[in-house]
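Analysis of the macromolecular model
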Amino acid sequence: MLRVQGDSLKTLELVRAYSVPFRDARISELITWYANTLQRAIGIIWDNIEWRYRFPKISKNKKVRIGLKIKVPTLPKSNGFKKMLRSELMKNNPYASHWVDAVIRTAYSIMGSWRKKYLKGKARKIKPKIRRRFARCKITLMKIDYEAKAIRITLRPWEYLVFSWKATWFEHRVRGWYVGEVIIKDDRIVIPFKSSKEIYVNKVI
């Protein structure tokens with residue numbers, strides 16, 4: 001952060017997501033595999049959660065500052081566990097190995113979100129279930145051609161999905177922006193576009 005005459009110069013991250021209609025029989029198969037594998041990953045992580053007691057904090061005058069003791073879930077994140085998880089999910093995997101890595105990252109994101117809600121009392125001690133059909137694609141599975149406004153996604157070695165946002169109604173809105181990780185659905189592909197700009201913020205405390 002730079003200070004200029006009492007002001008602060010900050011970077012504002014901008015994100016816009018647009019969907020492109022796209023149908024391909026291979027997409028339905030990919031999403032079915034992805035959802036099933038994601039649920040397996042969540043199940044394995046869930047079965048290896050360590051529940052630890054968190055005791056109330058005591059202030060200097062010996063008064064309790066926060067509630068009674070509670071059990072706090074600790075997600076398994078050791079390298080050994082993640083290696084085991086990946087090896088398990090790689091069994092009978094028909095797609096490129098990076099799809100398994102995408103599943104694992106999504107599973108930890110879902111479990112992390114559940115943990116936060118659980119600690120706030122907004123979620124129960126129940127394993128999360130995947131109810132929506134989707135597949136989140138890692139950037140390492142994508143090849144982006146900004147001149148042609150096209151994206152190529154690797155399914156398997158030498159097998160790809162190719163689609164474009166050229167001539168779409170939102171093309172002019174994202175000119176000069178870069179593409180993030182897309183979300184694949186049965187009938188469309190959601191493309192997040194990202195950009196940033198510097199802004200001055202007055203009277204920062």
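Use the structure listed above.
Residues numbered from 1 in each chain as written. Predicted model: local features only at pLDDT ≥ 70, side-chain atom pairs only at ≥ 80, totals over all residues. Heavy atoms only, no water.

Strand direction decides the pairing type here: strand β6 (residues 142-145) and strand β7 (residues 150-156), joined by 4 bridges, are antiparallel. Paired with isoleucine 144 across the two strands is isoleucine 151, which belongs to β7. (Pairing = 2+ DSSP bridges. Helix = DSSP H or I, 4+ residues; strand = E, 2+ residues; numbered from the N terminus.)

Strand pairing in a sheet is mediated by backbone hydrogen bonds. Such pairs are either parallel or antiparallel. The strand order across the open sheet formed by 3 strands is β6-β7-β8, and the pairing between neighbours is antiparallel. Among the strands making up the open sheet, the edge pair consists of β6 and β8 (159-164). Put simply, the sheet's adjacent strands are angled 20 degrees from each other on average, direction ignored. Pairing between β7 and β8: 6 bridges, direction antiparallel. Pairing of isoleucine 151 across the sheet is with phenylalanine 163, part of β8. (Axes fitted to C-alpha atoms, helices over the stretch in contact; angles between N-to-C directions.)

A word on the packing of helix α1 (residues 25-47) against helix α3 (residues 97-119). Taken N-terminus to C-terminus, the directions of α1 and α3 make an angle of 55 degrees; their axes are 9 Å apart at the nearest point. In terms of orientation, α1 and α3 fall into the oblique class. Seen from above, α1 lies across α3 with right-handed handedness. For the pair α1 and α3, contact is made by Leu30, Trp33, Tyr34, Thr37, Leu38, Ala41, Ile42, Ile45 and Trp46 and by Trp99, Val100, Ala102, Val103, Thr106, Ala107, Tyr108, Ile110, Met111 and Trp114, respectively. Partitioned by chemical class, the residues of the contact of α1 with α3 number 17 nonpolar, 2 polar and no charged. (Parallel < 35°, antiparallel > 145°, perpendicular 65-115°, else oblique. Left-handed = near helix turned anticlockwise from the far one by under 90°. Contact = heavy atoms within 4.5 Å. Nonpolar A, V, L, I, M, F, W, Y, C, P; charged D, E, K, R; others polar.)

None of the figures reported here should be taken as evidence of function without further support.
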